[in-house]
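# Observations on the three-dimensional arrangement
Single-letter residue listing:
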Number of protein chains: 2
Amino acid sequence: MSEDCIFCKIIAKEIPGDILYEDEQVMAFRDIQPAAPIHILIVPKKHIPSINEVTEEDETLLGHLHIVAKKLAEKEGIAERGYRLVINTGKEGGQIIYHIHLHLMGGKKLITPKHL
Amino acid sequence: MSEDCIFCKIIAKEIPGDILYEDEQVMAFRDIQPAAPIHILIVPKKHIPSINEVTEEDETLLGHLHIVAKKLAEKEGIAERGYRLVINTGKEGGQIIYHIHLHLMGGKKLITPKHL
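Our subject in this report is the structure included herewith.

About the thresholds
- The written sequence of each chain sets the order in which its residues are numbered from 1.
- Written order determines the labels here, with chains lettered from A and ligands numbered from 1.
- It should be noted that, the model being predicted, local features are given only for residues of pLDDT at least 70 and side-chain atom pairs only at 80 or more, the latter also being counted only at that level, while totals for whole chains, interfaces and linings use all residues.
- Processing note: side-chain calculations cover all non-hydrogen atoms of the structure and skip hydrogens and water entirely.
- Should any heavy atoms of two residues lie within 4.5 Å, those residues are considered in contact.
- Once two parts are brought into contact, the accessible area they lose, counted with a 1.4 Å probe and summed over both, makes up the buried area.
- Just to be clear on terms, a salt bridge is a Lys or Arg side-chain nitrogen sitting within 4 Å of an Asp or Glu carboxyl oxygen.
- Any pair of nitrogen or oxygen atoms within 3.5 Å is treated as a polar contact; in protein, a donor-acceptor pairing is required on top of that, and neighbouring residues in sequence qualify only through side-chain atoms on both sides.
- What makes a nonpolar core is a set of buried Ala, Val, Leu, Ile, Met, Phe, Trp, Tyr and Cys residues whose side-chain atoms join them at distances within 4.5 Å.
- Only protein chains enter the accessibility calculation, which uses a 1.4 Å probe; a residue whose area is less than 20% of its type maximum is buried, one above 50% is exposed, and one in between is partly exposed.
- Only rings of Phe, Tyr and Trp enter the pairing, Trp through its six-membered ring, and a pair is recorded when the two centres are within 6.5 Å. The plane angle decides the type: under 30 degrees is stacked, over 60 is edge-to-face, the rest tilted.
- Numbering of helices and strands starts at the N terminus; helices are DSSP runs of H or I of at least 4 residues and strands are runs of E of at least 2.

Attention shifts here to the interface of chain A and chain B. Facing the 46 residues of chain A at the interface are 46 residues of chain B. Carbon and sulfur atoms supply 50% of the area buried between chain A and chain B, which totals about 4300 Å² over both sides. Of all residues in chain A, the largest losses of buried area upon contact with chain B belong to E59(A), E92(A) and H115(A), amounting jointly to 19% of the total for that side. Of the charged contacts in the structure, one is a salt bridge between E56(A) and K71(B), with a shortest N-O distance of 2.7 Å. Seen at the junction of chain A and chain B, the total is 33 residue pairs in polar contact (both at pLDDT 80 or more).

Next comes the structure, spelled out in structure tokens:
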């Protein structure tokens, strides 16, 4: 746990979150500033600031985030319609909270931006 | 391998790709229609149509795609500046090729779209 990390505080239940799923390795809760009709964050309980800090040891954990996302997409009724999974890293990637989080977004046809 | 899958054909080297990385499990090549200055696709060699079809057995493989993406971000010189990892699923998610692919995008400040 990192002292100043808001996601660590939600994981520790020191501050509230709209928690949808929890197991030994991960927690999932709704984004408080949704960018899509359905916008859920799936986070590892282990504090890893960004993808830049992951190692081979974290492979299963990173994969597990995606398995949980897939199950949440089914539960939210968007599996067939479709959805997007996003991990932002660093400033140019748009990362705001420096604790890895997988965005699950859906609920409408998502635009595919061009960054050119 | 799936007969009609363009990514399976690149993996089998039946059609050319700008291949940047290859190991037993995954291959990475540049997107032929880049949506960012740096736009690389990291794909599992195993044909899995989308995240909707993954199982617990694929956890390590899914994590491995991300470890490879991290290393490619370093190699391309965008690790510190930042980058985005995206997996689109299904129609509303903007998936075009039905063989799982992790988009690694960077090289400029990426916009963060609102889908509301």
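In this section: the nonpolar core. Generally speaking, a soluble globular protein has its nonpolar side chains buried in company with each other. Grouped together as the largest cluster of nonpolar side chains are 46 residues, with contacts concentrated most on I42(A), L104(A), I42(B) and L104(B). By size, the runner-up hydrophobic cluster in this structure holds 10 residues, among which are M105(A), L110(A), A36(B) and V86(B).

What follows deals with the packing of aromatic side chains. All names here are of chain A. One pass over the structure, following the stated rule, counts 2 aromatic pairs over all chains. Taking the centre distance of 5.4 Å and the plane angle of 65° together, the rings of F7 and F29 count as edge-to-face. Taken together, the residues span a long stretch of sequence, with F7 in helix α1 (residues 6-11) and F29 in strand β2 (residues 26-30) at a distance of 22 residues.

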